[in-house]
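Listed below, chain by chain, are the residues.
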Amino acid sequence: MVTELEIRQILEEVKDPEVPVLSVLDLGIIRKIEVNPSDDDKIKIIITPTYSGCPAMDVISMDIRLKLLEKGYKNIEVTQQLSPAWTTEWMSEAGKEKLKAYGIAPPNPKQQFCKEEMFMQEMVSCPRCNSHNTTLISQFGSTACKAMYRCNDCKEAFDYFKCH
Amino acid sequence: QDIAITNISLDLIGQARNFFQYAALLYNIATDAEKKEMDPLVPRLWKDYSRELQEDDLAFLRDENQYLNLLITELPKGDWAYTVLKQFFFSAYQHLLFEQLQESSDAQLSAIAEKSIKETAYHLRWSSEWVVRLGDGTEESNRRINNALQELWMFTGEMFTTEDYDLIKNDALKQRWLDKVSSVFQQATLTVPSTTWMQSGGKQGRHTEYLGYLLAEMQHLQRTYPNATW
């Protein structure tokens with residue numbers, strides 16, 4: 001019999017194509033895993049998109065399917081659900097550590113300025129030297145989920161996985 | 001900032017996809033009588049496909065007059081001031097719209113709005129900051145954003161019209177939108193225009209000449225090679 005735990009362990013191997021150190025579980029986008037023994041062990045996985053237009057989502061759905069097929073599972077259904085909307089609060093602590101080690105500042109634990117008010121700056125610490133003396137360069141980085149910062153101490157520019 | 005603009009576009013495309021997917025689903029499960037009523041908005045070319053309606057059919061096969069978008073969203077590119085101000089006007093409206101739509105009794109519309117409003121908050125913040133930077137910036141940036149304001153203001157009135165098919169009473173959003181614009185303009189040393197004549201027609205399918213060019217570029221592949229996938 002297929003168990004939820006064994007599926008969960010396999011999902012640990014499916015990575016975010018944009019940030020390959022994070023698994024889909026670290027990202028917090030896996031909302032539900034169901035195994036239905038009365039329906040030929042059908043595996044049902046519900047994922048939620050990070051951003052509406054994130055091109056990684058289609059790839060992630062496909063990667064989940066491919067990984068499970070590779071491990072010998074055949075009866076798979078991956079569906080997307082929008083509500084409740086994904087938030088960076090769902091990212092795992094392990095995921096945040098991995099992000100930092102990868103050189104991307106992890107999202108702050110509390111939602112601070114996901115608001116429409118102008119000119120507010122989040123205190124973001126530099127993933128390289130841990131300094132809090134950093135400046136926002138751009139609210140949008142190489143992907144929708146990141147902003148660009150610069151560390152005023154070690155002078156390095158870095159990505160910040162912004163609160164959402 | 002070119003990346004910011006691309007990311008904003010990506011969010012907007014994602015939101016549009018969510019709405020198109022849902023519209024296609026609603027059409028596919030509708031009764032024959034309901035389908036007949038929706039017929040004027042359904043793409044003609046799709047009718048020969050003998051398969052269910054899909055999001056891409058709605059995006060790539062509808063004719064110009066079947067698009068009911070706001071005119072402000074089909075205007076051509078201008079300079080940076082024009083781009084920023086257009087985004088600001090639209091995002092300020094969209095933010096209020098999604099706030100209302102979140103309360104919808106339709107679970108899927110409410111879910112799309114709940115998802116989208118978080119993205120729109122960023123668009124609004126980003127664009128208002130740029131309005132302030134340009135308005136209260138140099139002599140040139142101030143001149144450019146004032147020029148943009150003169151061109152764009154007449155397209156803002158249409159956001160607050162309500163058609164039979166609208167779920168949201170857009171008229172009721174106007175005052176809060178004006179409050180937001182006024183407070184940002186004040187910091188940007190800009191003046192809210194006193195002109196009241198407003199352009200309209202988009203929501204009835206009557207468009208500026210720009211939409212045709214946009215659709216021609218966006219749709220030519222699906223129209224030349226129907227049902228092509230890649």
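(A) Local environment of the layout of surface pockets. Considering only enclosed or pocket space, the second largest pocket measures out at about 680 Å³ in volume. For the lining of the second largest pocket, the element with the highest residue contribution is helix H1 (residues 2-28) of chain B, accounting for eight residues.

(B) Structural detail: the nonpolar core. Of all hydrophobic cores here, the largest spans 51 residues; its most connected members are Leu85(B), Phe88(B), Phe89(B), Tyr93(B), Val131(B), Trp177(B) and Phe185(B). Every element with two or more residues in this core is listed here: H1, helix H4 (80-101), helix H5 (107-135), helix H6 (139-152) and helix H7 (174-187) of chain B. Ranked by the residues each element gives to this core, the list is headed by H4(B), at 13 residues. When residues no more than four places from it in sequence are discounted, the contact partners of Leu85(B) are Val131(B), Ile145(B), Ala148(B), Leu149(B), Leu152(B) and Phe185(B). Counting 33 residues, the second-largest nonpolar core is a separate cluster that includes Leu27(A), Ile30(A), Ile104(A) and Phe161(A).

(C) Highlighting the pattern of salt bridges. Here the structure, examined in full by the defined rule, presents 22 salt bridges over all chains. Measuring nitrogen to oxygen at the nearest pair gives 3.1 Å for the salt bridge that ties Asp79(B) to Arg144(B). Within this pair, whereas Asp79(B) is found in the loop between helix H3 (55-60) and H4, its partner Arg144(B) is found in helix H6, the two being separated by 65 residues in sequence. Residues Arg144(B) and Glu140(B) are paired through a salt bridge, measuring 2.9 Å at the closest nitrogen-oxygen approach. Of this pair, Arg144(B) and Glu140(B) are both found in helix H6, four residues apart, which corresponds to roughly one turn of the helix. Connected through shared salt-bridge partners, Glu13(A), Lys67(A), Glu70(A) and Lys71(A) make up one network.

(D) H4(B), seen in detail. Compared with the 32 Å implied by 1.5 Å per residue over 22 residues, the 31 Å span of H4(B) between its first and last C-alpha is a close match. With respect to burial, H4(B) is a largely interior element, 18 of its 22 residues being buried.

(E) Examining the sheet that holds strand E2 (residues 42-47) of chain A more closely. Residue and element names in this part refer to chain A. Taken in spatial order, the three strands of this open sheet run E1-E2-E3, and their pairing is mixed. Looking at strand neighbours, the two that pair on one side only are strand E1 (30-36) and strand E3 (76-80), the edges of this open sheet. The sheet shows a mean angle of 15 degrees between the axes of neighbouring strands, taken without regard to direction. Each of E1 and E2 touches helix H1 (residues 4-11); the most contacted strand, E1, lies at about 135 degrees to it.

(F) Focus on empty space enclosed by the protein. Residue and element names in this part refer to chain A. Tallying each qualifying case throughout the model produces two cavities of 30 Å³ or more. Quantified by volume, the second largest cavity comes out at close to 80 Å³. As for the second largest cavity, its lining consists of Asp-16, Glu-18, Leu-27, Thr-50, Cys-54, Ala-56, Met-57, Ile-60, Trp-86, Thr-143, Cys-145 and Phe-161. Among the elements that line the lining of the second largest cavity, the one with the most residues is helix H3 (residues 56-70), at three residues. For the lining of the second largest cavity, the residue count by class is eight nonpolar, two polar and two charged.

(G) Broad picture of the confidence of the model for chain A. In this model, chain A carries a mean pLDDT of 90, and residues with pLDDT of at least 70 account for 98%. The weakest mean pLDDT in chain A belongs to strand E5 (residues 134-138) of chain A at 90; the strongest belongs to E2(A) at 95.

(H) Examining the sheet that holds strand E7 (residues 157-161) of chain A more closely. Residue and element names in this part refer to chain A. Taking strand neighbours across the sheet as the criterion, the four strands line up as E4-E7-E6-E5 in an open arrangement whose pairing is mixed. Looking along the sheet, the strands with just one partner apiece sit at the ends: strand E4 (104-105) and E5. Looking at chain direction, E4 and E7 are connected through two bridges and run parallel. Within E7, the position partnered with Ile-104 by the bridge is Asp-159.

(I) Representation of the packing of aromatic side chains in the model. Residues and elements named next belong to chain B. Applying the stated rule across the entire model yields 18 aromatic pairs over all chains. With a centroid separation of 6.4 Å and 15 degrees between ring planes, the pair formed by Phe-19 and Phe-98 is classed as stacked. On the criterion of sequence distance, the pair formed by Phe-19 in helix H1 and Phe-98 in helix H4 is long-range, its members being 79 residues apart. Residue classification places Phe-19 among the partly exposed residues on the basis of a relative accessible area of 26%. Summarising the aromatic geometry, the rings of Phe-89 and Trp-177 are spaced 5.6 Å apart at their centres and angled 50 degrees between planes, so their arrangement reads as tilted. With Phe-89 in helix H4 and Trp-177 in helix H7, this pair connects stretches of sequence that are 88 residues apart. Through a chain of ring-to-ring contacts, the aromatic side chains of Phe-88, Phe-89, Tyr-93, Trp-153, Phe-160, Trp-177 and Phe-185 assemble into a single cluster. The positively charged end of Arg-133 is found above the aromatic ring belonging to Trp-130, 4.7 Å away from the centroid.

Reading the values: the criteria
- Residues numbered from 1 in each chain as written.
- Chains lettered and ligands numbered in written order.
- Predicted model: local features only at pLDDT ≥ 70, side-chain atom pairs only at ≥ 80, totals over all residues.
- Heavy atoms only, no water.
- 1 Å grid on protein atoms, 1.4 Å probe; cavity = no way out; pocket = protein on both sides within 12 Å on 5 of 7 lines; lining within 4 Å.
- Points joined across faces, edges and corners; volume = space filled by probe spheres on them.
- Helix = DSSP H or I, 4+ residues; strand = E, 2+ residues; numbered from the N terminus.
- Core = buried A, V, L, I, M, F, W, Y, C linked by side-chain atoms within 4.5 Å.
- Buried < 20%, exposed > 50% of the residue type's maximum accessible area, 1.4 Å probe, protein only.
- Contact = heavy atoms within 4.5 Å.
- Salt bridge = Lys/Arg side-chain N within 4 Å of Asp/Glu carboxyl O.
- Expected span 1.5 Å × (residues − 1).
- Pairing = 2+ DSSP bridges.
- Axes fitted to C-alpha atoms, helices over the stretch in contact; angles between N-to-C directions.
- Nonpolar A, V, L, I, M, F, W, Y, C, P; charged D, E, K, R; others polar.
- pLDDT = per-residue confidence, 0-100.
- Phe/Tyr/Trp six-rings, centres within 6.5 Å; stacked < 30°, edge-to-face > 60°.
- Lys NZ or Arg CZ within 6 Å of the ring centre and 35° of its normal.

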